[in-house]
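Geometric and topological summary
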Amino acid sequence: MLRSNIIKNLSTKRFYSEVLNSSKLQITDLSNGIIVATTNNLSNPADPPTIGLTFGSGSSSETPYNNGISNITSKIFQNNSNLAQASQNGFKLNSIVEREYQNYSVTLNNKDTLGALKFLQNSFGENNKSLSEANVAEAKSKVLNQLEQFEAVDQNSRIIEHLHSTAFQNTPLSLPKRGTVESVENVETSDVQAFANKNFTNSNVVIVGSGFNDVVAHKEFVKQVDSIISLNNSELIPKDQLKPVAKSTFLGSEVRLRDDTLPKAWITIAVESEPLTSPDYLTAKLASEIFGSYNAFEPRSRLQGVKLLDNLQEYQLCETFNHFNYSYNNTGLWGFSTVTTNFSQIDDLLHFTLKQWNRLTISITEQELARGKALLKLKLGLPVSNSINNSIIGSNILSQVSPIDQPNDSTNLLETYKKIDSITIADMKNWASKRLWDQDIAIAGAGQIEGLLDYMRMRNDMSMMRW
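Just so it is clear, the model here is predicted, and its values are computed rather than measured. (Residues numbered from 1 in each chain as written. Predicted model: local features only at pLDDT ≥ 70, side-chain atom pairs only at ≥ 80, totals over all residues. Heavy atoms only, no water.)

1. Some thoughts on the packing of aromatic side chains
The condition that has to hold: Within 6.5 Å between ring centres, the rings of Phe, Tyr and Trp (the latter by its six-membered ring) count as paired, and their orientation is classed by plane angle as stacked under 30 degrees, edge-to-face over 60, tilted in between. Should the NZ of a Lys or the CZ of an Arg lie within 6 Å of a ring centre and within 35 degrees of the ring normal, that charge is described as sitting over the ring.
Per the counting criterion, the structure on display carries 19 aromatic pairs. Cluster of aromatic residues (ring-pair linked, three or more members): Phe55, Phe77, Phe91, Tyr104, Phe119, Phe124, Phe195 and Phe200. The ring of Phe150 has Arg178 sitting right over it, with the charged end atom 4.1 Å from the ring centre. Directly above the ring of Tyr417 sits Lys377, whose terminal nitrogen or CZ lies 5.7 Å from the centroid.

Okay, here's the thing in structure tokens:
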């Protein structure tokens, strides 16, 4: 169970750039503002190479009025005509839309890098014809169907979206990645064109060739990009003159969507966490692994040696829980989400969990720290596909993560392990004192949550009465 959960998480969560087990990353800045990067992927050499465009946009670049427009452009990229053309050329298309970036990639089943670049240029270049009324209408229909399924089926992801909406109210990170039915219905073709003109520009893109094992050399790939790719014109501003991005401010708050027709209760609680470039980033990820995840239906999940599990199993307080750390360019969220059918003991479930959080500040043990380190290193050492590798490399370059922290050779993973091993109990206690002890929380609940007591009841559990 543990291993299967890890693999699933790798496909859906964004990991810090330095932990990718890649080889020989090379980066070149072109004079027109485009950044080009290539890397091998020694951890998964059989995976076909991928070429992708990663833009520094996503849902945080939207407004409440055009929310979902990134999702629409994703569907346009994968419309029927594009899929047919890609299949004919031996390509496979993939797109990822996140809060602070979006990636559009072509996986090669051959060595036609020129053909892949021309395909991407036709999709995103200055004269692309994909933003027609018909294509936008088709994409909107697909997004609306996706939203209908999402609202009805994927309660776990839905509650995480509500957590962001309440934790970062009225800021860019509060907008849902997929959009809303109301905003998507009101998007016009001119809105999509305006969004593309603003965000699909030379100065807002990283072109990544990942898994280039003997396919093409970096210098040759740079020449190909320079001769083929030309996006919307934008004024190139030196990085030292860029205005700082407005910070999404964390707000202690809650959102509740009680619905007694649903069979379960979905609850998540979080505090503000570390941004991507924080020196405490790995400490925050380690803290989430100390408590980890749990599934009551997996026998092996019950044997993890996590103290919190003793209470959860003895009183059958929940079916699943998962601790997480989401990091963004200038802020983050650290917390846990849970699913339960024990509606009468929701207060006990949350009380025991938050009291365990208190222990990170005052009584975490060497054994718990060592177990968390082992699990974190296991996750970070697992191979990733070139399409996932592609998007993470591009997004981290756009986030201006220090080049020394970019994926390099296999020794870089060992350096990351050394950093993890160097985290001490004192470091963990200091981090917990800053981020957890007596801090405001954001709460999101859905389903049968009558037993989810008032905000201050849970807020008071963020510290202990001590004399």
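Moving on, there is more to tell.
2. Regarding the pairing of strand β4 (residues 91–97)
Condition: The rule is simple: take the accessible area with a 1.4 Å probe, protein chains only, and divide by the maximum for that residue type; under 20% is buried, over 50% is exposed, in between is partly exposed. Note on conventions: DSSP H or I runs of at least 4 residues are helices, E runs of at least 2 residues are strands, and numbering of each starts at the N terminus. One requirement defines pairing of two strands: DSSP has to find at least two bridges between them.
Burial analysis of β4 places 5 of its 7 residues in the buried class, which makes it a mostly covered element. Inspection of the sheet shows β4 paired to strand β5 (residues 102–108) by 7 bridges, in the antiparallel sense. In the sheet register, Ser95 faces β5, and the bridge partner there is Tyr104.

3. Considerations on the side chain of Ser288
Definition in use: Whenever a nitrogen or oxygen atom comes within 3.5 Å of another N or O atom, the pair is scored as a polar contact, on the condition that within protein one atom can donate a hydrogen and the other can accept it, and that pairs from neighbouring residues in sequence are kept only if both atoms are in side chains. Whether two residues are in contact is decided by their heavy atoms, any of which lying within 4.5 Å being enough.
Mapped onto the fold, Ser288 is located in helix α10 (residues 281–291). The class for Ser288 is buried, based on a relative accessible area of 3%. A distance of 2.6 Å separates a polar side-chain atom of Ser288 from the backbone oxygen of Lys285. Apart from residues no more than four positions distant in its own chain, Ser288 is found in contact with His323, Phe324, Asn325 and Trp334.

4. Section: unusual backbone geometry
Backbone geometry places Asn170, a non-glycine residue, at a positive phi of 60 degrees. Its place among the elements puts Asn170 in the loop between α6 (155–167) and α7 (181–185). Non-glycine residue Asp438 carries a positive phi angle of around 55 degrees. Residue placement: Asp438 occurs in the loop between α16 (425–435) and β12 (442–447).

5. Here we look at helix α11 (residues 307–314)
In an α-helix, one turn spans 3.6 residues; hence positions three or four apart end up facing the same way. Rules: As used here, the arc belongs to the directions running from the helix axis to the C-beta atoms.
All buried positions along α11 are accounted for by Leu308, Leu309, Asn311 and Leu312. Mapping the buried residues of α11 onto a view down its axis gives an arc of 160 degrees, with all of them on the same face. Those residues of α11 that are exposed and aimed more than 90 degrees away from the buried face are Asp310 and Glu314. Looking one or two places after α11, you find Gln316, whose phi comes out positive at around 50 degrees.

6. With respect to the packing of helix α5 (residues 133–153) against α6
Under the convention used in this document: Axis definition: a line fitted to C-alpha atoms, limited for helices to the stretch in contact. Angles are taken between N-to-C directions and run from 0 to 180 degrees. Any angle that is under 35 degrees is reported as roughly parallel, and any over 145 degrees as roughly antiparallel; angles of 65 to 115 degrees are reported as roughly perpendicular and all others as oblique. Residues are sorted three ways: Asp, Glu, Lys and Arg are charged, Ala, Val, Leu, Ile, Met, Phe, Trp, Tyr, Cys and Pro are nonpolar, and all the rest, Gly among them, are polar.
Close contact between α5 and α6 brings their axes to 6 Å; oriented N to C, the two are set at 95 degrees. With respect to α6, the axis of α5 lies roughly perpendicular. Of the residues in α6, those touching α5 at Phe150, Glu151, Ala152 and Val153 are Gln155, Ser157, Arg158 and Glu161. Across the contact of α5 with α6, the residue classes tally to 3 nonpolar, 2 polar and 3 charged.

7. Digging into the pattern of salt bridges
Convention followed: Whenever a carboxyl oxygen of Asp or Glu lies within 4 Å of a side-chain nitrogen of Lys or Arg, that contact is scored as a salt bridge.
Taken as a whole, this structure holds 20 salt bridges when the rule is applied. Close ionic contact of Arg99 with Glu161 constitutes a salt bridge, the shortest N to O distance being 2.2 Å. One end of the pair, Arg99, is in the loop between β4 and β5; the other, Glu161, is in helix α6, with 62 residues separating them in the sequence. With respect to class, Arg99 is no different from Glu161; both count as buried.

8. Things to note about the nonpolar core
Spelled out, the test is: By convention a nonpolar core is built from buried Ala, Val, Leu, Ile, Met, Phe, Trp, Tyr and Cys residues, the set being connected through side-chain atoms within 4.5 Å.
Ranked by size, the top nonpolar core spans 49 residues in total, and within it Ile269, Leu312, Trp334, Leu350, Trp357, Leu360 and Trp431 carry the most contacts. If sequence neighbours within four positions are ignored, Trp431 has contacts with Ser273, Glu274, Asp280, Thr283, Ala284, Ala287, Trp334, Leu360 and Leu436. In terms of nonpolar packing, the next biggest core, distinct from the first, is built from 42 residues, Phe91, Leu147, Val222 and Val225 among them.

9. Quick notes on the confidence of the model for the chain
Threshold: Confidence per residue, as judged by the predictor, is encoded in pLDDT with a range of 0 to 100.
In the predicted model, the chain carries a mean pLDDT of 87, and the fraction of residues at 70 or more is 87%. Within the model, pLDDT remains below 50 along residues 1–22, and this stretch shows 73 contacts once partners closer than five positions in the same chain are excluded. Note that pLDDT drops below 50 for residues 402–411; the model gives that stretch 27 contacts with residues more than four away or on any other chain.

10. With respect to helix α14 (residues 386–398)
As a reminder of what qualifies: The span you would expect from a helix comes to 1.5 Å times its residue count less one.
Between its first and last C-alpha atoms α14 spans 18 Å; for 13 residues at 1.5 Å apiece the expected length is 18 Å, and the two agree. Here α14 lies mainly inside the structure; 12 of its 13 residues are buried. Listed as buried for α14 are Asn386, Ser387, Ile388, Asn389, Asn390, Ser391, Ile392, Ile393, Gly394, Ser395, Asn396 and Ile397. Phi turns positive one or two residues past the end of α14, at Gln400, with a value near 60 degrees.

11. Brief notes about the environment of Phe124
With respect to the helices, strands and loops of the structure, Phe124 is situated in helix α4 (residues 113–124). On the basis of relative accessibility, which here comes to 4%, the residue Phe124 falls in the buried class. The sequence separation of Phe124 and Phe200 amounts to 76 residues, and the corresponding C-alpha distance is 7.0 Å. Among residues more than four places away in sequence, those in contact with Phe124 are Leu53, Phe55, Phe77, Tyr104, Phe200 and Leu231.

12. What to know about the sheet that holds strand β11 (residues 332–340)
Judged by pairing direction, the sheet is mixed, and its 6 strands sit side by side in the order β7-β12-β8-β11-β10-β9 without closing on themselves. At either end of the open sheet lies a strand with only one pairing partner, and these are β7 (253–258) and β9 (293–295). Ignoring which end each strand starts from, the neighbouring axes of this sheet average 15 degrees apart. Both β7 and β12 contribute to a ladder of 6 bridges, which runs parallel. In the sheet register, Ser253 faces β12, and the bridge partner there is Ala442. Contacting β7, β8 (265–272), β10 (320–327), β11 and β12, α6 runs over the sheet at an angle of about 145 degrees to β12.

13. What about empty space enclosed by the protein?
The line we're drawing: With a 1 Å grid laid over protein atoms only, a set of points is called a cavity when a 1.4 Å probe fits there but cannot get out and a pocket when it is open yet has protein on both sides within 12 Å along at least five of seven lines; lining residues have an atom within 4 Å of a point. Grid points are joined across faces, edges and corners, and a volume is the space filled by probe spheres set on the points.
The full count for this structure, using the stated rule, is 3 cavities of 30 Å³ or more. Of the volumes computed, that of the largest cavity is approximately 100 Å³. Looking at the largest cavity, it is lined by 11 residues, and the ones nearest its centre are Ile76, Ser123, Phe124, Ser130 and Leu131. Of all elements in the fold, only α2 (69–77) and α4 reach the threshold of two or more residues within the lining of the largest cavity. No other element matches α2, which puts 3 residues into the lining of the largest cavity. The class makeup of the residues in the lining of the largest cavity is 6 nonpolar, 5 polar and no charged.

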